[in-house]
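# Examining the three-dimensional arrangement
Each chain, letter by letter, is given below.
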Amino acid sequence: MTNAKVHIALADDHRMFLHALRALLEKEPGIDVVGVAGTGEELLAIAAHKPVDIACMDIGMPAMNGIETTRRLLALRPNIKVIGVSAFSDRQFVLDLLNAGARGYVTKAEAGEELLRAIHTVQLGKTYLCPDVAATVTNALLDNVPRDIATPRITARERQVLQLIAEGHTSVRIAERLHLAASTVEVHRRNIMRKLDLHSVAELTKYAIRNGITTISG
Amino acid sequence: MPRELVDYRDSEEALRASEARLHEAQAVGRMGDWELDRDTGSMSWSPQLFRLFERSSALGTPDLNEALGYYSLESVELTRAAFWAAIDTGNRRELEQTVLLPSGAERYHATTIVPVKDGSGRVCKLYGTTQDITERKLAEQELRRKTYEIEDLYQNAPCGYYSLDANGLIIRINDTQLRWQGYEREEVVGRMHAAELFSPASRALFGQVFRTFKRMGVLHNMDMELLRKDGSILNVLMSSTAIFDAQGNFVASRTVLSDNTDRKQLELERTAHATRLADLSRHMVDVQENERRKFASALHDHTSPNLAALQLTLTNLARALPPAALPGLQPLLDDAQALLLDTTSGIRDICTNLRPATLDYAGLIPAVQDYAQQFRLRTGIEVHLDTADFTMQLPSNVQSLLFRIAQEALTNCAKHARARNIRIHLSNRDTRLVMRIADDGVGFDPHHLGEAGTTSPGIGLITMRERAEFAGGRFSLRSHPQSGTEIKVTFDVGRSGVLRPARRASDFANGTTLPTGTQ
């Protein structure tokens, strides 16, 4: 890679999201947002006139959806790398977007850090799926998606909570320790279990020990 | 003893014996004889005649006028006329009379009148016999009454009767059937063939079975349509028996028809009712699915993009913070992100349960795959979906239905079965679609379903059964304690893709009895 900035175009019909996304990307040193589109048509128009390396594509846009837009965009400019950015993680949406030629897929819930990771990965010519989506897709039929790209990541706070759960503390006790509402601890626990595909405290504990988050101690 | 005297005595004895035999015969035959002197009206009666008229011998023999007093008015006239006729013509006369006895009893007599002429050829005396024929007369009346009743029954019973000769020509038919069909007897008997009594459809059927009937000899309750003279139809049930000669040749047949209109009407109404019920429940499912779809997309549209924007904003905020502030604030930012993530996931689960976007976007199988994936993440139970034998294109309402049943089955399994694996098998042969969902859980005894005191898979099963059956499908369940549970739903999806009722409405009545075997 040279020092040249990567040119990114965004397409999403939700203005608040688009603004936030643009703000995020514009702070990144290697990224230049060259265009922002509210519809698929607008994105095609931008791509026709400006140099675009990567397009971040919403799926659920009115009139022309992200899958159709991707197809047309790549017919027009085959070198553009498309990353799906969608509220949906349903497998069929993901598969259809990938079949239309997209190189990455990130759910909007993970659009911050995950999207930046996706941009860097597809820039290197690889495919990137965020953990949530990867879990869905790797279980399915796509053999050509490497499994190791989808290691779930947990936040520092989630690590803290997981450690305390593994050490046998109740939610109330954990909430006291971390100065949180007990319901927030419950939220963390649910998120951890969902992210790591674990279904019981026993499994959480096992995971924590295996990954050095806690140690077996008396 | 002189020979003459002996002869005389012998003949006198013989005469007495003969007279005794006559009296005996008269008594047995309830018959008496009499004589009437034309000129004096005096009579002589045999002893038996006294008994016939219940007249005491102490009263002596009546004269003609008194004797006539025993008869009914009508019979008096007849008797006088008969006497005069015998006198005038010199020929014997016979007549029947009604007698009113002193006891009040009514009897019938048959009387023969024989005129006796004197030397000049004038009828001077009448003599004759009178027999009590009451019993014969009553028997005759009874016979006439019975015959009338039988004939009346044949003609006017609330069924049609007809008889055919060997060629199928109508040789007898009753009034009821003539009335039903609007024919006169003369138009039918000896003129029409049985086939002509029926509608074209029934005629074809009749043609098919008549040959067999001539061999087998019996037809029982065939559903037939009589064709009235005016062209309208009357639904009947037909039963026939054949008559064979000694050589076993078919010579004739007798048929009875009963009016089947009410039952036919009931059947039509029942079918219409079942169809309406199935239509209605399909419509209700459609309405429900539409509402769920609307609600899910409204919920999604009004929350998910905002939550996503909020999440990005938080990321931007975190990046804008001076690095020195970060260690203290990072956990709080993580908490905020976690709340957002949990809310987003929660809303996504709600939307999927309401109506998975994939179901509309990609159809049943991808929707079940996604649901199974989500189910596995939530419960840890593996779901294997086998659709290798499934080649059908299904209309969206059928897809919704199957998805809902699968969803209910999985939910039920997670709640009650303690299973590790669930296998969903979807297959079809021609237009017949089968979905089996089996788990390797604890199972249960289907005969003790819904008993108090235990958490029961009953409600979920009833919901599935109702969904399947109201849409015209079949539902069966197989389960034994410790050997898992398998449900099976079967639909006949017509060529048009519309579910065809496989059962009648009456079959729905047996509520919660769950068949345990497969068919």
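About the criteria used
- Residues numbered from 1 in each chain as written.
- Chains lettered and ligands numbered in written order.
- Predicted model: local features only at pLDDT ≥ 70, side-chain atom pairs only at ≥ 80, totals over all residues.
- Heavy atoms only, no water.
- Helix = DSSP H or I, 4+ residues; strand = E, 2+ residues; numbered from the N terminus.
- Buried < 20%, exposed > 50% of the residue type's maximum accessible area, 1.4 Å probe, protein only.
- Contact = heavy atoms within 4.5 Å.
- UniProt positions renumbered as here; feature names shortened; annotations may be inferred.
- 1 Å grid on protein atoms, 1.4 Å probe; cavity = no way out; pocket = protein on both sides within 12 Å on 5 of 7 lines; lining within 4 Å.
- Points joined across faces, edges and corners; volume = space filled by probe spheres on them.
- Nonpolar A, V, L, I, M, F, W, Y, C, P; charged D, E, K, R; others polar.
- Buried area = accessible area lost by both parts, 1.4 Å probe.
- Salt bridge = Lys/Arg side-chain N within 4 Å of Asp/Glu carboxyl O.
- Expected span 1.5 Å × (residues − 1).
- Bend = angle between axes of the 7 residues up to and from the residue.
- Axes fitted to C-alpha atoms, helices over the stretch in contact; angles between N-to-C directions.
- Parallel < 35°, antiparallel > 145°, perpendicular 65-115°, else oblique.
- Phe/Tyr/Trp six-rings, centres within 6.5 Å; stacked < 30°, edge-to-face > 60°.
- Lys NZ or Arg CZ within 6 Å of the ring centre and 35° of its normal.
- Disulfide = S-S within 2.5 Å.
- Domains from an automatic or database assignment.
- Patch = residues over 30% accessible without salt bridge, like charges linked within 9 Å, V, L, I, M, F, W, Y side chains within 5 Å.
- Areas by Shrake-Rupley, 256 points an atom, 1.4 Å probe, with all protein chains shown as cover.
- Lys, Arg positive; Asp, Glu negative; His and termini not counted.
- Charge placed at Lys NZ, Arg CZ, Asp CG, Glu CD.
- Core = buried A, V, L, I, M, F, W, Y, C linked by side-chain atoms within 4.5 Å.

## A closer look at the overall build of chain A
When its secondary structure is counted, chain A shows 10 helices and 6 strands. For chain A, the C-alpha atoms occupy an extent of roughly 65 × 35 × 35 Å along the three principal directions. When burial is assessed residue by residue, chain A has 50% of its 218 residues classed as buried. Taking contacts inside chain A between residues at least 6 apart in sequence as the whole, the part at least 24 apart equals 58%.

## Structural notes on the UniProt feature "domain: PAS" (unreviewed entry) in chain B
Under the UniProt annotation, "domain: PAS" (unreviewed entry) lies at residues 146–217 of chain B. Secondary structure over residues 146–217 of chain B splits into 54% helix and 15% strand, and the C-alpha atoms at its two ends are 29 Å apart.

## Considering empty space enclosed by the protein
Residue and element names in this part refer to chain B. Considering all chains together, one arrives at 5 cavities of 30 Å³ or more under this definition. Volume-wise, the largest cavity comes out at about 130 Å³. Counting only elements with at least two residues in the lining of the largest cavity, the list comes to strand E2 (43–45), helix H3 (64–68) and helix H4 (73–89). The biggest single contributor to the lining of the largest cavity is H3, with 3 residues. Residues of the lining of the largest cavity, tallied by class, amount to 10 nonpolar, 4 polar and no charged.

## Here's the deal with the interface of chain B and chain A
With 36 residues of chain B in contact, the opposing surface of chain A contributes 41 residues. Here chain B meets chain A over a buried area of about 3500 Å², counting both sides, of which 55% is carbon and sulfur. Taken as a group, Leu312(B), Arg319(B) and Tyr361(B) account for 17% of the area that chain B buries against chain A, more than any other trio of residues on that side. At the junction of chain B and chain A, the tally comes to 7 salt bridges. Of the charged contacts in the structure, one is a salt bridge between Arg319(B) and Glu28(A), with a shortest N-O distance of 2.3 Å. Elements represented by at least two residues in the side of chain B that touches chain A include exactly helix H9 (261–320), helix H10 (326–354), helix H11 (357–361) and helix H12 (364–379) of chain B. A class-by-class count of the residues in the side of chain B that touches chain A yields 14 nonpolar, 14 polar and 8 charged.

## Here's the deal with helix H9 (residues 182–196) of chain A
Since there are 3.6 residues in each turn of an α-helix, residues three or four apart along the chain are aligned in direction. Look at H9(A): 21 Å from first C-alpha to last across 15 residues, which is about the 21 Å you get at 1.5 Å a residue. Buried within H9(A) are the following residues: Thr184(A), Val185(A), Val187(A), His188(A), Asn191(A), Ile192(A), Met193(A) and Leu196(A). In this structure, the buried residues of H9(A) make contact with helix H7 (156–166), helix H8 (171–178) and helix H10 (201–210) of chain A together with H10 of chain B. Within two residues after H9(A), Asp197(A) carries a phi angle of roughly 60 degrees, on the positive side.

## Quick look at the layout of surface pockets
Gaps between atoms show up when a probe of the same size as a water molecule is rolled over them. If you add up the space inside the largest pocket, you get close to 1100 Å³. Lining the largest pocket we find 46 residues, and of these Glu110(A), Glu114(A), Pro131(A), Arg153(A) and Lys195(A) sit closest to its centre. For the lining of the largest pocket, the secondary structure elements donating two or more residues are helix H5 (113–123), helix H6 (131–138) and H9 of chain A together with H9, H10 and H12 of chain B. The element best represented in the lining of the largest pocket is H10(B), accounting for 11 residues.

## So, helix H8 (residues 200–216) of chain B
Residue and element names in this part refer to chain B. Here H8 spans 24 Å end to end across 17 residues, near enough to the 24 Å set by a 1.5 Å rise per residue. At Val 209, H8 shows its maximal kink, close to 35 degrees. Of all the positions in H8, only Ser 202, Phe 206, Val 209, Phe 210 and Phe 213 are classed as buried. On its buried side, H8 packs onto strand E6 (159–165), strand E8 (218–227), strand E9 (233–244) and strand E10 (250–259). A positive backbone phi angle near 90 degrees is found at Gly 217, which sits one or two residues after H8.

## What to know about the packing of helix H3 (residues 66–76) of chain A against helix H4 (residues 91–99) of chain A
For any two helices packed against each other, one specifies the crossing angle of their axes together with the interaxial distance. Residues and elements named next belong to chain A. Viewed as axis vectors pointing N to C, H3 and H4 meet at an angle of 10 degrees, and their least axial separation amounts to 9 Å. The angle between H3 and H4 places the two elements in the roughly parallel class. Touching Gly 66, Ile 67 and Thr 70 of H3 are Phe 93, Asp 96 and Leu 97, all from H4. Grouping the amino acids of the contact of H3 with H4 by side-chain chemistry returns 3 nonpolar, 2 polar and 1 charged.

## What about the packing of aromatic side chains?
Scanning all chains against the criterion turns up 16 aromatic pairs over all chains. Between Phe210(B) and Phe213(B), the aromatic rings sit 6.1 Å apart at their centres with planes inclined by 40 degrees, giving tilted as the arrangement. Of this pair, Phe210(B) and Phe213(B) both sit in helix H8, separated by 3 residues, roughly a single helical turn. Taken together, Phe198(B), Phe206(B), Phe210(B), Phe213(B), Phe244(B) and Phe250(B) form an aromatic cluster joined through their ring pairs. A cation sits over an aromatic face here: Lys108(A) above Phe17(A), 4.6 Å from the ring centre. A cation over a ring is seen here: Arg172(B) above Tyr154(B), with NZ or CZ 4.1 Å from the ring centre.

## A closer look at the state of the cysteines
The bond known as a disulfide is covalent and runs between the sulfur atoms of two cysteines. As enumerated under the stated definition, the model contains 0 disulfides over all chains in all. Of all cysteine sulfurs, the one in Cys56(A) lies closest to Cys130(A), which takes part in no disulfide; the gap is 13 Å.

## With respect to the domain arrangement of chain A
Domain annotation for chain A reports domain 1 (6–149) and domain 2 (156–210). Relative to domain 2 of chain A, the C-alpha centre of domain 1 of chain A lies at a distance of 32 Å.

## Considering a negative patch on the surface
All names here are of chain B. A cluster of acidic residues, Glu 4, Asp 7, Asp 10 and Glu 13, forms a negative patch on the protein surface. When you line up the elements, Glu 13 lands in helix H1 (residues 3–28). Given a relative accessible area of 41%, Glu 13 falls into the partly exposed group.

## Some details on the nonpolar core
Buried together is how nonpolar side chains tend to be arranged in soluble globular proteins. Ranked by internal contacts, the top residues of the largest apolar core, which has 58 residues, are Ile8(A), Leu25(A), Leu73(A) and Ile83(A). Broken down by element, the residue count for this core peaks at 6 residues, all from helix H1 (residues 15–26) of chain A. Not counting chain neighbours up to four residues away, the residues in contact with Leu25(A) comprise Ile8(A), Leu10(A), Ile31(A), Val33(A), Leu116(A) and Ile119(A). Counting residues in each nonpolar core, the second largest holds 40 residues, with Val398(B), Ala406(B), Ala409(B) and Phe444(B) among its members.

## Considering unusual backbone geometry
Most peptide bonds take the trans form, and the phi angle of most residues other than glycine is negative. Residues and elements named next belong to chain B. At Asn 221, a residue that is not glycine, the phi angle is positive and equals roughly 50 degrees. For Asn 221, a relative accessible area of 42% translates into the label partly exposed. The backbone of Asp 430 shows a phi angle near 55 degrees, a positive value even though the residue is not glycine. Relative to the helices and strands, Asp 430 is located in the loop between strand E12 (421–429) and strand E13 (432–439). Taking relative accessible area as the criterion, Asp 430 reaches 66% and is therefore assigned exposed.

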